[in-house]
Structure formats: C-alpha cells, structure tokens
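An overview of the molecular structure
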There are 2 protein chains.
Amino acid sequence: MGQVLQFGSETQSPHSDATIERIMTLTEGGMAKVNAEILKRAGSNVDLIPELAKHLINSGGKRLRPMLTIASAQLCGYEAKAPDGNDHVMLAAAVEFMHTATLLHDDVVDESDMRRGKQAARMIWGNQASVLVGDYLLGQAFRMMVDVGSLGCLDVLSSASTVIAEGEVMQLGTAQRMSTTEDDYLAVIRSKTAALFAAATEVGAVLSDRSESERAALRSYGMNLGVAFQLIDDALDYSGKQAQLGKNVGDDFREGKVTLPVVLSYRRGTEDERQFWRRTLEDGDIRDGDLDQAIALLERYDAGADTTARARHYGSIALDALAIFPQSDHRQALEDVVAFCIERAS
Amino acid sequence: MGQVLQFGSETQSPHSDATIERIMTLTEGGMAKVNAEILKRAGSNVDLIPELAKHLINSGGKRLRPMLTIASAQLCGYEAKAPDGNDHVMLAAAVEFMHTATLLHDDVVDESDMRRGKQAARMIWGNQASVLVGDYLLGQAFRMMVDVGSLGCLDVLSSASTVIAEGEVMQLGTAQRMSTTEDDYLAVIRSKTAALFAAATEVGAVLSDRSESERAALRSYGMNLGVAFQLIDDALDYSGKQAQLGKNVGDDFREGKVTLPVVLSYRRGTEDERQFWRRTLEDGDIRDGDLDQAIALLERYDAGADTTARARHYGSIALDALAIFPQSDHRQALEDVVAFCIERAS
C-alpha cells in the first residue's frame, strides 16, 4: 500500500467517536426505535430481501443521516410537541433506506468489491439482487413517508431522491475526465451526497411546523455538512486513516474518480505529472506503484490538507446556519457533528 | 429462428390495434397531456438523462398503463367533477415513469440487448446509466404524485413499487429452476407485472373519491388484466407473432426464464424432455437447434394454447370485476382492452 498521507496534527490519536457522543446520547431512544423500524421494514416474504438487507444493516454504518433527522426534529421541539409521536422515527428510517438503496446501486455502478470493510452485497448476491433490493428499499422508504402523511416531508425527500440520481449521473460524466473543475466536482457532491443530508435535517423542521427561516437554516446546515463530509471522504481515500476505518485505500483512484484532491494536484502539477493523471484516471492504465505516485503527488501539492481546508470552510457555513437557533444541547450536538466529520481526516 | 407457434385462428390477420381504438379515442386528449408531462419531467440539466429518457419515450410503447389510468379516472367521473383537473394526467405520467424505470432496471438484470425492437438503453449508454436514470425516473414519478397531493394515491403507488421490486427478486429465484410451479409463476407475475396495472386503474377511483367497492373493482380489473397480459407476453416469446411485433423470439428461453408455457411443457413431458429443459434452462447449456426443439415441445403439449386459455380465465375475472359499473363507453373501452391483450396471441 506504501506511503500514506497525514492531513493534520497527529496529537489527537487514535481518533475516537468522542465528538459525536452528544448526538448519540440525545438520540439514543429515537435511534433504538429507528433500528427496530429498519429491521421491520426490511422484512419480506421473499427471503433474499431481508437476507441482503440485513447484511447492509449489520455492516456497522454509524447511521449518521437518520441520527441527524432525529436530532433536527428534537431541536425543533417535535418530541415536546408530540411526546408519543413516531413520525421522526419513520422519516429517519426512510432516510436510511434511501441511503442504503443508493449504496447498493452505487456498488453496481462503481463495480466495487468492498463496502464499509465488508464484501459488497453485489459480490455475494450479484448485481441483479443489488439493483432490485435497492429498488425495494426505495419503495419501502416512500411507503414510510406516506405512512407519516406529511406532504411537505414527502416533497423534500422525493425531490432529494431525484437530485441524488442526477448527481450520480453527473458523476458518470466527470469520472475519468481531467478537465473536471472544482466547481464541477462541487456540483456532483452537492447532488449525490449533500442533498440527502439537507433533506434529512430539513424534514425535522417541516415535521415540527417550524418557520421557513428555521427550515432553511436546517437545510443549509445539512447541505454544507454533507459537502464537508464528502470532501473529507475523498481526502481519506488517499490516506492511511482509511485503512484504520476498514476501507481500501485508493478505491477512487482505481475507479478513475476525479475527486477534489486530484483536481488540485492536477492543476498545480507539471505537464509530466498531468500526463500521469491522464494516463491513470482517463485511460485507466494503472501500473504497479501508481497509487504510491498519486499519493506522493497529493502530498507534494498539499492537496489533502487543502481539501480538508475546503471542508472546514463548508463546515463553518453549516455552523453559522444553525446560529439562529437558541443555544441548547441539541444545537451543540449538531455543531459537534460538523467537527466530527472534519476531524476524521486528522 | 425456425418453426414458430400459432395459438389461435389465423383468420384475423394481420393483427390490428382495432380493439383498443375505443380507449385510444376516449383518452386522446388526456394522453396528449400525459405525453407532454412525460417529456417535461424527463428533462434535467444533466444531458444524459433526457437523452436516454427520450430514447425510451420514443421507442413506441403503446402507453397502455397511463391510458388505463386516464380511462379509469374517466369511468369514475373525474373529468366531469374536475373539468380543469390535471391530477389524472400527473398520475398517469407517474405510472408510465414507474414502468419505464422498471424496464431500465430489468434490462440490466436480464442482460437484454433489445427492448421493443430497438437496442436496449444499456447497450448504448451502459448499465451504469440505465440503473441511475431508472432511479431518476422513479424519483420523478414520486414527485409527480406528491404534486397531486393525494395520500391515498401515494399509498397505492408506493405500495406497488415495493411489490414490483419483490416480484423481480422472486423471479431471480424461480429463473433457471424447473421445480417452479404454476403457482410460483403466478405469484411472480402478479407482483412484477400485474401490481402496476392494478395500481394504475385503482388510482382512477381513489382520485375521484369513489366507494371502496368501486375502488376494489378497478383494482381487481387491473390485477387480472395484468396477469392475462403477462401470460400472453410469455406465450408470445415462443411465437412467430413476436417477430412481427419487432421483438426477438426466444429471449426468455435464452435468459433461462421459467414461464408458464415452459412449466406446462415440462410437467407434461417425458423424462428425456425434462432433461432437455433442465440442460437448457437450469444449466444454461443451449446449443444450435435448441430453441426450435423448445418450440416443438411447447406445440406438442399445447402449452401456448393452454397459456392463452389461462389468460382468458383471468380476462374473464377482469370483465366481471367491471360489471358493478353501469354500462358506458368508458366501461366498454376497458373491456376492449382485455380482448386486445389476449388477442395479441392470435
């Protein structure tokens, strides 16, 4: 695997989940119900569906997106207003199903072997099952939203589902294209990743009948948090931290994905170095040692550190968006998530 | 291609669209709006999406499902009640998008080369685009339903979308399995095909606030029509009529699909003949002349004609379901569709 990048100080190591402890504690009760709902809704008389769904459900994701829905609803006073209400739980589970469906289809589109340190579902059950179970989970997500019965929430989440698909299609166009600019890249990650974060937090306000200004604040928080999250993910793909998280280093490189660290290294590089990026990412001609060379070029041009700096910028926007809410444990918990997402890189 | 089956009298030839003229005339105005809505909603700033969507939209399907939604809404008096209403148009377009998304994903799952006599989208744009544009169209379908704002219709259509996916997953299990019974096969086609027909017609009643009994009648009509439709489709796959319709003969055979004509031939056949079906469909060992042999076995055991007889049975149920509605041009139009679906085989 060779040399790996470090993006920040190494004083805080090993990295722990400390910064999301607050949101985990505050949403613990809600998330227990979300997990029960997820298990229930992944059921089907067609055995393959719960089998494959459980592989994903037990694969140890943090459930960050549904946690954000529960926390946003709490921040907006949903639980105080409806002590027995379960709508935030249903929407949170729907958000997680939308995410899971996207992962299943992504793995097919990217021809990935691994997902969260485990074999990707398509490697066990085949592409066919991954496409179809993804469709099933998306259908179940919509059924949960219909059960909640809020047309406002349905509007936010169904719009997100088209924007996510648009982002994925856009990415097909930027992949293997070194002419991709930082703006092109941002348009892709806003759609394919950040739109679901934005919808996950916005529905917390919609459900609680909060003002347009609070709704916009939570949408902006989620959108910018999502951009920061994806930027760090893309930096991590070239970093030694990635291996610690149970993921392959260099997946994006092998798949020809032109992410921000690559955009920066390409633009700042010499003609010879640009030739290297075109050969590996555009032509897909990857040889022994090329990943090490890519990592060395990222390091030479501070591409990892600068990608993290960009993430901090979007993280700041997310924090300022929240500032219209009075200070509270719930607001603090959402602020902590921003720090958590960014500090994964250090 | 060799020998092909004939399932009925050849007096009525060449086959014309005569039997659906009535529904086409009655829904002409609505369908013009549906087509405009489809073109509008297939748009996106991401060029590949409208490009691929237009390939499908212009590929000459009859738009039977959205036509059924318009006609069912008319039968239930929607247009009289809401002369400027557009909700039936939106739902019809949503139904067609659900169908189109399913076709895109099916082609990937089945590794099909052709669709409606044209190259399948995945052969031109790749599996990746087919998966993702399918997701986009499904998202757009839900957005249209949300725009209509009827939770009842959302319930019917979102439930259908999970049932369709379940049916497709079920089919993965029955494909290449000669132990498939007629009941197993029926369960698959009820889910993967008939559920959307049932939803397409049921929403016509839901939208018009008709009684539970009328709603159930239209659901039953659509469900049984859908079963008959798929039975005939599966019989046609081994028939010379198929070539006239611009489709390949024997696609199901090459894909190892255990459809009713095969179930009947297998059960009625000798041990040697069963061995033939196991070799070709279970083991996928298909040699020159095997398709001709399969067609000969279907003919020997009247499997095509008996599949058509089964279709007539479900067609009769569909017609009786409609009988609670007073006789009218609209009811007659829906009745004609049953005859049309079944007579495709003759």
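In case you missed it, the structure is sitting above this.
Criteria and thresholds
- Residues numbered from 1 in each chain as written.
- Chains lettered and ligands numbered in written order.
- Predicted model: local features only at pLDDT ≥ 70, side-chain atom pairs only at ≥ 80, totals over all residues.
- Helix = DSSP H or I, 4+ residues; strand = E, 2+ residues; numbered from the N terminus.
- Rg over C-alpha atoms; globule rule 2.2 N^0.38 Å.
- Contact = placed C-beta atoms within 7 Å.
- Core = buried A, V, L, I, M, F, W, Y, C linked by C-beta atoms within 7 Å.
- Buried ≥ 20, exposed ≤ 12 C-beta atoms within 10 Å, placed from the backbone.
- Least-squares fit on C-alpha atoms with pLDDT ≥ 70 in both.
- Nonpolar A, V, L, I, M, F, W, Y, C, P; charged D, E, K, R; others polar.
- Expected span 1.5 Å × (residues − 1).
- Bend = angle between axes of the 7 residues up to and from the residue.
- Axes fitted to C-alpha atoms, helices over the stretch in contact; angles between N-to-C directions.
- Parallel < 35°, antiparallel > 145°, perpendicular 65-115°, else oblique.
- Left-handed = near helix turned anticlockwise from the far one by under 90°.

Further remarks concern the overall build of chain A. When helices and strands are tallied, chain A shows 17 helices and 2 strands. In terms of overall dimensions, chain A is globule-like: its C-alpha atoms have a radius of gyration of 20 Å, near the 20 Å expected for 346 residues. For chain A, the spread of C-alpha atoms along the principal axes amounts to about 65 × 50 × 35 Å. The long-range share in chain A, meaning contacts at least 24 apart out of those at least 6 apart in sequence, stands at 79%.

Below, the discussion takes up the nonpolar core. Counting residues in each nonpolar core, the largest one holds 229 residues, and the members touching the most others are Ala 94, Met 145 and Ala 228 of chain A together with Ala 94, Met 145 and Ala 228 of chain B. Discounting residues that sit within four places of it in the chain, Ala 228 of chain B has contacts with Ala 311, Tyr 314, Gly 315, Ala 318, Val 338, Cys 341 and Ile 342 of chain B.

Each copy of the sequence occupies a distinct position, and chain B is placed on chain A by a rotation of 180° and an axial shift of 0.0 Å, giving an RMSD of 0.0 Å. Each copy turns onto its partner about a two-fold axis.

Attention now moves to the interface of chain B and chain A. Chain B puts 35 residues into the contact, and the matching count from chain A is 35 residues. Ranked by the residues each element gives to the side of chain B that touches chain A, the list is headed by helix α8 (residues 151-174) of chain B, at 14 residues. Among the residues making up the side of chain B that touches chain A, the classes are represented as 19 nonpolar, 11 polar and 5 charged.

This part is about the environment of Ala 36 of chain B. Residue and element names in this part refer to chain B. Note that Ala 36 resides in helix α2 (residues 28-41). Residue classification places Ala 36 among the exposed positions, given that 12 C-beta atoms sit within 10 Å. Residues Ala 36 and Ala 93 lie 57 residues apart in sequence; the distance between their C-alpha atoms is 9.2 Å.

For the rest of this paragraph, the subject is helix α7 (residues 121-148) of chain B. All names here are of chain B. Here α7 contains 28 residues, and its C-alpha end-to-end distance of 30 Å is more than 12% below the 40 Å for a straight helix at 1.5 Å per residue. The largest bend in α7 is about 90°, located at Asn 127. Where burial is concerned, most of α7 is hidden: 22 out of the 28 residues are buried. Directly beyond the C-terminal end of α7, a positive phi value near 80° is found at Gly 149.

Another point: unusual backbone geometry. Phi angles above zero are rare outside glycine, and Asp 302 of chain A is one such case at about 50°. Residue class for Asp 302 of chain A comes out partly exposed when judged on the 17 C-beta atoms lying within 10 Å of it. Within the chain, Arg 63 of chain B stands out as a residue other than glycine whose phi angle is a positive 55°. Note on placement: Arg 63 of chain B falls in the loop between α3 (48-57) and α4 (64-75). The buried category is assigned to Arg 63 of chain B, around which 21 C-beta atoms lie within 10 Å.

This part takes up the packing of helix α10 (residues 212-236) of chain B against helix α16 (residues 303-322) of chain B. Residues and elements named next belong to chain B. Their axes nearest at 8 Å, the elements α10 and α16 cross at an angle of 165°. As summarised for this structure, α10 and α16 are arranged roughly antiparallel, according to the angle between their axes. Where α10 crosses over α16, the two elements pack in a sense that is left-handed. In this structure, α10 contributes Ala 217, Ser 220, Tyr 221, Asn 224, Leu 225, Val 227, Ala 228, Leu 231, Ile 232, Asp 234 and Ala 235 to the contact, and α16 contributes Gly 304, Thr 307, Thr 308, Arg 310, Ala 311, Tyr 314, Gly 315, Ile 317, Ala 318, Ala 321 and Leu 322.

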